[in-house]
Amino acid sequence: MRKLAAGNWKMNGTRASLSEVEAINAALDDTDPTVVICPPASLLIPACEIGGKISIGAQDCHMASCGAHTGDISASQIADTGATYVIVGHSERRTDHSETNDVIKAKAQAAQKAGLIAIVCIGETLAEREAGETLAVLGQQMSGSIPDGATSQNTVIAYEPVWAIGTGLVPTLDQIDEAHRFMRDELLTTLGADAQNVSLLYGGSVKGSNADDIFSVSDVDGALVGGASISAHDFVPIIKALSRA
């Protein structure tokens, strides 16, 4: 199992922002975990050209390899930039673009076919949490979104409670622990022993100030970080906390 700190820049950043990637890269040493930055598609090629210790990923891909899909980008096109990861199923895609589990599974399959590592996102809304449906929702999303060909080499799972993304709200450590244990158990039923090697990330208002506590939780192998990943000043302390875990 690899420790992984992934940054999702969302619709933020221009070429000037690549100085932050350079600064993050300069702060890394051989004891640090795998670090992935997922900038906007417009920055994939120049971000990859920076090189160094940071891997680059995209924020989404289309399920088709090519075709009449204006504005979309295929997994093979992402791979062609030099990127090695892609996020699929983020709650903002599920909500803003009405993406279903079936769509997300097809995207993850396309990522696998292109040789990319898919970061598959799952998570419950506040209403689902308050109704006691969290584990049922996570189970449905995992079974519906993770393709049959998933392995620890081509798949990462990120648990992002929707109500904690960008809100400053963070689940209790017991709630994070419950979700991550459930995810590992679900993977054990489908992947067998290889499930122990799948990186499970937590995402949702992760900061340098709470990262040590979050990474102390069993089966939390890293983080998928939003706003804090855009700044080296904010992201590097999270990476270093994961190194200590």
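Above this note sits the structure.
Residues numbered from 1 in each chain as written. Predicted model: local features only at pLDDT ≥ 70, side-chain atom pairs only at ≥ 80, totals over all residues. Heavy atoms only, no water.

Draft legend 1. Expanded view of the packing of helix α7 (residues 134-145) against helix α8 (residues 173-191). Direction vectors running N to C along α7 and α8 enclose 35 degrees, while the axes themselves pass 10 Å from each other. Between α7 and α8 lies a crossing whose hand is right-handed. Taking contact as the criterion, the partners of L135, L138, G139 and M142 in α7 are, on α8, E178, A179, F182, M183, E186 and L187. Class assignment for the residues of the contact of α7 with α8 results in seven nonpolar, one polar and two charged. (Axes fitted to C-alpha atoms, helices over the stretch in contact; angles between N-to-C directions. Helix = DSSP H or I, 4+ residues; strand = E, 2+ residues; numbered from the N terminus. Left-handed = near helix turned anticlockwise from the far one by under 90°. Contact = heavy atoms within 4.5 Å. Nonpolar A, V, L, I, M, F, W, Y, C, P; charged D, E, K, R; others polar.)

Draft legend 2. Just the packing of aromatic side chains, in detail. Under the definition given, this model contains one aromatic pair. For the pair Y159 and Y202, a centre-to-centre distance of 6.2 Å together with 55 degrees between the ring planes defines the contact as tilted. With Y159 in strand β6 (residues 155-159) and Y202 in strand β7 (residues 200-202), this pair connects stretches of sequence that are 43 residues apart. Judged by relative accessible area, Y202 falls into the buried class, the value being 0%. (Phe/Tyr/Trp six-rings, centres within 6.5 Å; stacked < 30°, edge-to-face > 60°. Buried < 20%, exposed > 50% of the residue type's maximum accessible area, 1.4 Å probe, protein only.)

Draft legend 3. Structural view of the packing of helix α5 (residues 101-113) against α7. In contact at an axis separation of 7 Å, α5 and α7 are set at 45 degrees when each is read in the N-to-C sense. As summarised for this structure, α5 and α7 are arranged oblique, according to the angle between their axes. Residue-level contacts link N101, D102, I104, K105 and A108 of α5 to Q140, Q141, S143, G144 and S145 of α7. The residue makeup of the contact of α5 with α7, split by class, is two nonpolar, six polar and two charged. (Parallel < 35°, antiparallel > 145°, perpendicular 65-115°, else oblique.)

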